[in-house]
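# Report on the structure
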Amino acid sequence: MLDVLDHFPDPLAPLRRALALLDPEGVLLITVPPFRCLWTSHDELNRHFTRYTKRSFIRVAKDAGMKLHSCRYFFHWTFPVKLLIQTKEAFFYTSPQTPKIPSYWLNTALYKFSTLEQNFFHTLPVPFGTSLICLGSKR
């Protein structure tokens, strides 16, 4: 469930349904956008209802009956960029617009930078990022 639960006003029902469909030995991979302080017009465009913190997502997962195996932030380097965008939008309203795909060379560079970041920081408990990734199963 990659960036799915943030589109539901009540995430418990879809998360419980996903767990019910899961094989007994299966695992569920979930990503959600974190931190309300990063809310931008992009969230409005995508009709998000919420952003999570690790603590708030753990609470939802527990209430749904999910056993979490891991939960961590990633895309750490994009956090200050997103915070700058949010700050700009706080002063100058920006109507939601569909983002454009970056050029091939820029997209490739950003992909490689993100991969490099994950290779270095995936085991460290960095307390921020622009995505929260969690792995869990049935209890």
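Scroll up to find the structure this text is about.
Residue numbers run consecutively from 1 along every chain, following the written order of its sequence. Given that this is a predicted model, residues contribute local features only at a pLDDT of at least 70 and side-chain atom pairs are listed and counted only at 80 or more, while totals for whole chains, interfaces and linings are drawn from all residues. Computation of side-chain values covers all heavy atoms of the structure but excludes hydrogens and water.

## With respect to the packing of aromatic side chains
Each aromatic ring pair is specified by the distance between its two centres and by the angle formed by the two planes. Which entries qualify depends on this criterion: Whether two aromatic rings pair depends on their centres lying within 6.5 Å, for rings of Phe, Tyr and Trp, where Trp uses its six-membered ring; planes under 30 degrees apart make the pair stacked, over 60 edge-to-face, and the rest tilted. Numbering goes from the N terminus for both helices and strands, where a helix is a DSSP run of H or I of at least four residues and a strand is a run of E of at least two. When accessible area is computed with a 1.4 Å probe and restricted to protein chains, residues below 20% of their type maximum are described as buried, those above 50% as exposed, and intermediate ones as partly exposed. Any Lys NZ or Arg CZ found within 6 Å of a ring centre and within 35 degrees of that ring's normal is scored as a charge over the ring.
As enumerated under the stated definition, the model contains six aromatic pairs in all. Here phenylalanine 74 and phenylalanine 75 contribute two aromatic rings whose centre-to-centre distance is 4.6 Å and whose plane-to-plane angle is 35°, an arrangement assigned as tilted. The interplanar angle of 90° and the centroid separation of 5.1 Å between the aromatic rings of tryptophan 77 and phenylalanine 113 together place this pair among those described as edge-to-face. Here tryptophan 77 is found in the loop between strand 2 (66–74) and helix 4 (79–91), whereas its partner phenylalanine 113 is found in helix 5 (residues 104–121), with 36 residues between them in sequence. Here tryptophan 77 falls in the partly exposed class, since its relative accessible area comes to 25%. The class for phenylalanine 113 is partly exposed, based on a relative accessible area of 43%. By way of ring pairs, the aromatic residues Phe35, Tyr73, Phe79 and Phe128 are connected into one cluster. Taking the ring centre of tryptophan 39 as reference, the NZ or CZ of arginine 36 above it sits at 4.3 Å.

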